[in-house]
Amino acid sequence: VQLQASGGGLVQAGGSLRLSCAASGRTFSSYHMGWFRQVPGKEREFVAAVSWSGGRIYYADSVKGRFTISRDNAKNTVYLEMNSLKPDDTAVYYCAAKSSRSTTAWNTITSYDYWGQGTQVTVSS
């Protein structure tokens, strides 16, 4: 499956952005989806994940209550709605996919088989 992330940009602290990740190539509903982020010089970190049906959702503690992950299987797209943004949220955001049959952890990089190219989010103070 090919993944294309979009929606990043520059926003002031307290503002909002919605990231999108469009999938193509294989049946989107066959995959659990995740969002990760990375700052230069640091490891890529888990942000949020959603199961193939949308029935299970997970968040990193740092974004819980501010970010919302969702998916639209009819549009082959997963979203990350980001509110109350902080300068610490500045990073390149990546979407990722893993098989719906996977039983690996939701929040680890190695659990995901496919990655998008990343979209830059910059939050100014």
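Residues numbered from 1 in each chain as written. Predicted model: local features only at pLDDT ≥ 70, side-chain atom pairs only at ≥ 80, totals over all residues. Heavy atoms only, no water.

## Considering the packing of aromatic side chains
Then, number 1: Going through the model one piece at a time under the given rule, you end up with 6 aromatic pairs.
Then, number 2: Relative to Tyr112, the ring of Phe36 has its centre 5.2 Å away and its plane inclined at 80 degrees; by these criteria the two rings are edge-to-face. Taken together, the residues span a long stretch of sequence, with Phe36 in strand S4 (residues 31–38) and Tyr112 in the loop between strand S9 (91–99) and strand S10 (114–115) at a distance of 76 residues. Tyr112 shares its class with Phe36; the two are buried.
Then, number 3: By way of ring pairs, the aromatic residues Phe36, Phe46, Tyr112 and Trp115 are connected into one cluster.
Then, number 4: Its guanidinium or amino end placed over the ring of Phe28, Arg71 lies 4.3 Å from that ring's centre, counting from NZ or CZ. (Phe/Tyr/Trp six-rings, centres within 6.5 Å; stacked < 30°, edge-to-face > 60°. Helix = DSSP H or I, 4+ residues; strand = E, 2+ residues; numbered from the N terminus. Buried < 20%, exposed > 50% of the residue type's maximum accessible area, 1.4 Å probe, protein only. Lys NZ or Arg CZ within 6 Å of the ring centre and 35° of its normal.)

## Observations concerning the state of the cysteines
Then, number 1: Following the criterion strictly, the structure yields 1 disulfide and no others.
Then, number 2: What pairs with Cys21 in a disulfide is Cys95, and their sulfur atoms sit 2.1 Å apart. Taking the torsion about the S-S bond as the criterion, the Cys21 to Cys95 disulfide, at about 60 degrees, is right-handed. Within this pair, whereas Cys21 is found in strand S3 (residues 17–24), its partner Cys95 is found in strand S9, the two being separated by 74 residues in sequence. Of the two residues, Cys21 and Cys95, both sit in the buried class. (Disulfide = S-S within 2.5 Å.)

## Observations regarding the sheet that holds strand S7 (residues 67–72)
Then, number 1: Ordered in space as S1-S3-S8-S7, the 4 strands form an open sheet in which the pairing is antiparallel. Of all strands in the sheet, those bounded by a partner on one side alone are strand S1 (2–6) and S7. When strand polarity is set aside, the average angle formed by the axes of neighbouring strands in this sheet is 15 degrees.
Then, number 2: Strand direction decides the pairing type here: S7 and strand S8 (residues 77–82), joined by 6 bridges, are antiparallel. Across the sheet, Asp72 pairs through a bridge with Thr77, a residue of S8. (Pairing = 2+ DSSP bridges. Axes fitted to C-alpha atoms, helices over the stretch in contact; angles between N-to-C directions.)

## Here we look at the pattern of salt bridges
Then, number 1: Tallied over the full model, the rule gives 4 salt bridges.
Then, number 2: Here Asp61 ties to Lys64 by a salt bridge, and the two come within 3.1 Å at their closest N and O atoms.
Then, number 3: Assessed through its relative accessible area of 66%, Asp61 is described here as exposed.
Then, number 4: For Asp89, the salt bridge is made with Arg66, and the minimal N-O distance between the two is 2.7 Å. One end of the pair, Asp89, is in the loop between S8 and S9; the other, Arg66, is in the loop between strand S6 (57–59) and S7, and 23 residues separate them in sequence.
Then, number 5: Ionic contacts of the salt-bridge type, sharing partners, join the residues Arg37, Glu45, Arg66 and Asp89 into one network. (Salt bridge = Lys/Arg side-chain N within 4 Å of Asp/Glu carboxyl O.)

## Considerations on the nonpolar core
Then, number 1: Ranked by size, the top nonpolar core spans 35 residues in total, and within it Met33, Trp35, Leu80, Met82 and Tyr93 carry the most contacts.
Then, number 2: Mapped onto this core, the elements with two or more residues apiece are S1, S3, S4, strand S5 (45–50), S7, S8, S9 and strand S11 (119–124).
Then, number 3: For Met82, the contacting residues outside a window of four places in its chain are Gly15, Ser16, Leu17, Leu19, Arg66, Phe67, Tyr93 and Val121. (Core = buried A, V, L, I, M, F, W, Y, C linked by side-chain atoms within 4.5 Å. Contact = heavy atoms within 4.5 Å.)

No statement about biological role is implied by the geometric values presented.
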